[in-house]
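Residue-level structural notes
So you can see what is in the structure, the chains are spelled out below.
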Amino acid sequence: MQNNRLILALGLIAGLALHPVASAQAPLTLTAGGVQNFWDDERDVDNELLPFGAVEYRFGDSWAGELNFSRGEAEAVDGSQDVDIRSWHAGALYYFEPNENLHPYLGFGAGELTRRFNNGDASDTQVNLGAGFRYYFTDHWNWRADARWLHTFDNSINDVAVSLGIAYSFVAPPGRSKPAAAPVAAAVVDSDGDGVPDDADACPDTPAGARVDARGCRLAVTKVASVKLKVNFAFDSDDVQEHYFADIKGLAEFLKRFEDMHVDIEGHTDSVGPDEYNQGLSQRRADAVRDLLINEYGIAGYRLEAKGYGESRPVASNDTREGRAENRRVMATLEVEYEE
């Protein structure tokens, strides 16, 4: 047997499949492989594995026509010589419904077997019947396995041939299975728009735009709130003028919002007059604002501490009339950090 012919045949099929020939879109399949012949005893030839090639033309989902050819050498039974064996067959294939990548078929046809001995040739006309399958491992490449019973009518000789080959189909066959489409992801429902799907949201009613954790619950945000009160007084007076009442009310509302806050109310004077007098005047001014917070706006007295600083903490120059007016004042400043 000449094994190199099988290798050459395989190379030929690969080359034809990859070459951009004009018939690349035709429903052709080229096969190359090996055929194991089991000869009738009357053939006087040993059973040998021979190379073969085949061309198939697919007419539709079920039917195809095929022409195959095999040639090689086998040894005579008595070992006296090598016998050149040639065979060709033309026929038809009937394909059954494919099972995913597996395409089973029945095959039948007729052809000729020629054996060339040293002393002459012997030729027989044969008919064949058998079955096989193709297994597609890509859209175009496939394995082919086939078994045939071959009958010669002239002398009622029966042979068997079993073949295996690799094939290239220029057009993917009907029924070739395709990769499953990627599953379509279910639509994500996020009713409150916080970026966490409803099925994982432990806090489904988060306000729009709020920062949330991985469970969809609102993150605490640290904020700073502050209020500053400044009340100026007439010279040598501790009467709170009415136009400052709104500012004092604002301080009261801040204290009601943050109920654990305490505040120092600072009283001040200008430098006119004795220090001791100014100390007392600054205290009376602080007390006046404290009393308004308690009596008018309901702030608990223990949260308010009035402190007089006299003329010791000026914010402007006492050398001018305007500067002294700035220094006659009561101040209160609050700042708080809170989480929301």
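Cut-offs and rules
- Residues numbered from 1 in each chain as written.
- Predicted model: local features only at pLDDT ≥ 70, side-chain atom pairs only at ≥ 80, totals over all residues.
- Heavy atoms only, no water.
- Disulfide = S-S within 2.5 Å.
- Helix = DSSP H or I, 4+ residues; strand = E, 2+ residues; numbered from the N terminus.
- Buried < 20%, exposed > 50% of the residue type's maximum accessible area, 1.4 Å probe, protein only.
- Pairing = 2+ DSSP bridges.
- Axes fitted to C-alpha atoms, helices over the stretch in contact; angles between N-to-C directions.
- pLDDT = per-residue confidence, 0-100.
- Contact = heavy atoms within 4.5 Å.
- Polar contact = N/O pair within 3.5 Å; in protein donor to acceptor, adjacent residues only side chain to side chain.

The next point concerns the state of the cysteines. In this structure the tally under the stated criterion is one disulfide. The disulfide partner of Cys 203 is Cys 217, and the gap between their sulfur atoms is 2.0 Å. Disulfide Cys 203 to Cys 217: torsion about the S-S bond roughly 80°, handedness right-handed. With Cys 203 in the loop between β8 (157-169) and β9 (222-232) and Cys 217 in the loop between β8 and β9, this pair connects stretches of sequence that are 14 residues apart. We classify Cys 203 as partly exposed; its relative accessible area is 27%.

Turning our attention to the sheet that holds strand β7 (residues 141-152). Read once around its circumference, the closed barrel built from eight strands follows the order β1-β2-β3-β4-β5-β6-β7-β8, with strand pairing classed as antiparallel. Averaged over all pairs of adjacent strands, the angle between strand axes in this sheet comes to 25°, irrespective of strand direction. Summarising the sheet, strand β4 (residues 82-95) and strand β5 (residues 102-117) pair through twelve bridges and their orientation is antiparallel. Residue pairing for β5: Ala 90 is matched across the bridge by Ala 110.

Of all residues in the protein chain, 89% attain a pLDDT of 70 or more, and the chain-wide mean is 85. For the stretch residues 1-24, pLDDT sits under 50, and the model shows 31 contacts to residues farther than four places along the chain or on other chains.

Let's shift gears to the side chain of Asp 146. Secondary-structure assignment places Asp 146 in strand β7. Under the relative-accessibility criterion, Asp 146 is labelled buried at 6%. In this structure the side chain of Asp 146 is engaged in a polar contact, spanning 3.0 Å, whose partner is the side chain of Arg 148. Apart from the residues within four sequence positions on either side, Asp 146 is in contact with Tyr 105, Ala 131, Gly 132, Ala 161, Val 162 and Ser 163.

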